[in-house]
Amino acid sequence: QLQLVESGGGLVQPGGSLRLSCAASGSTLDYYAIGWFRQAPGKEREGVSCIGRSGWTSNFDSVKGRFTISRDSAKNTVYLQMNSLKPEDTAIYFCAAKWTVQPMCGMRPAYYESWGQGTQVTVSS
């Protein structure tokens, strides 16, 4: 079974950058669609970005042009590079995976099967 562990969160000033990692074990991520999600206090979990088996990616409107998802197959790890961070980006960030033969990915939490425990991102001066 696939296990996911997020890391790389922390405290950063507005306009700063962070790189989140989602390390997988138990299976190769090449057979999965991977999504990044976030949940802020008092809000529902929302999709941030995802990458399909083909490398096709999708981004939530609020992060377009600022966040980039990527995959390193050799390390069996997916990354989320976050630039130009804003206070409203503050949330717990989760990665999730779904085994699939399709090349694209989905942005709904219910689509995904395996979840990490999350890493806290706080954007504040």
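Below is a short write-up of the structure. (Residues numbered from 1 in each chain as written. Predicted model: local features only at pLDDT ≥ 70, side-chain atom pairs only at ≥ 80, totals over all residues. Heavy atoms only, no water.)

## A word on the state of the cysteines
- Per the stated rule, a full pass over the model turns up two disulfides.
- Residue pairing for cysteine 22: its cysteine sulfur links by disulfide to cysteine 95, the two sulfurs lying 2.1 Å apart. In this structure, the disulfide formed by cysteine 22 and cysteine 95 twists by about 70° around the S-S bond and is classed as right-handed. With cysteine 22 in strand β3 (residues 18-25) and cysteine 95 in strand β9 (residues 91-99), the pair connects residues that are 73 residues apart, well separated along the chain. We note that cysteine 22, like cysteine 95, is buried.
- Disulfide partner of cysteine 50: cysteine 105, at an S-S distance of 2.0 Å. Judged by the sign of its S-S torsion, about 70°, the cystine formed by cysteine 50 and cysteine 105 is right-handed. (Disulfide = S-S within 2.5 Å. Helix = DSSP H or I, 4+ residues; strand = E, 2+ residues; numbered from the N terminus. Buried < 20%, exposed > 50% of the residue type's maximum accessible area, 1.4 Å probe, protein only.)

## What about the environment of lysine 75?
- Inspection of the secondary structure puts lysine 75 in the loop between β7 (67-72) and β8 (77-82).
- Spatially, the C-alpha atoms of lysine 75 and leucine 29 are 9.7 Å apart, while their sequence positions differ by 46 residues.

## Overview of the packing of aromatic side chains
- One pass over the full model with this rule turns up four aromatic pairs.
- Consider the rings of tyrosine 111 and tyrosine 112, whose centres lie 4.9 Å apart with planes at 85°: the pair is edge-to-face.
- Since its relative accessible area comes to 6%, tyrosine 112 is described here as buried.
- Taken together, the ring pairs in this structure connect Phe37, Phe94, Tyr111, Tyr112 and Trp115 into an aromatic cluster.
- Stacked on the ring of tyrosine 79, the Lys or Arg arginine 19 has its end atom at 3.9 Å from the ring centre.
- Directly above the aromatic system of tryptophan 115 lies the positively charged group of arginine 45, at a separation of 4.8 Å from the ring centroid. (Phe/Tyr/Trp six-rings, centres within 6.5 Å; stacked < 30°, edge-to-face > 60°. Lys NZ or Arg CZ within 6 Å of the ring centre and 35° of its normal.)

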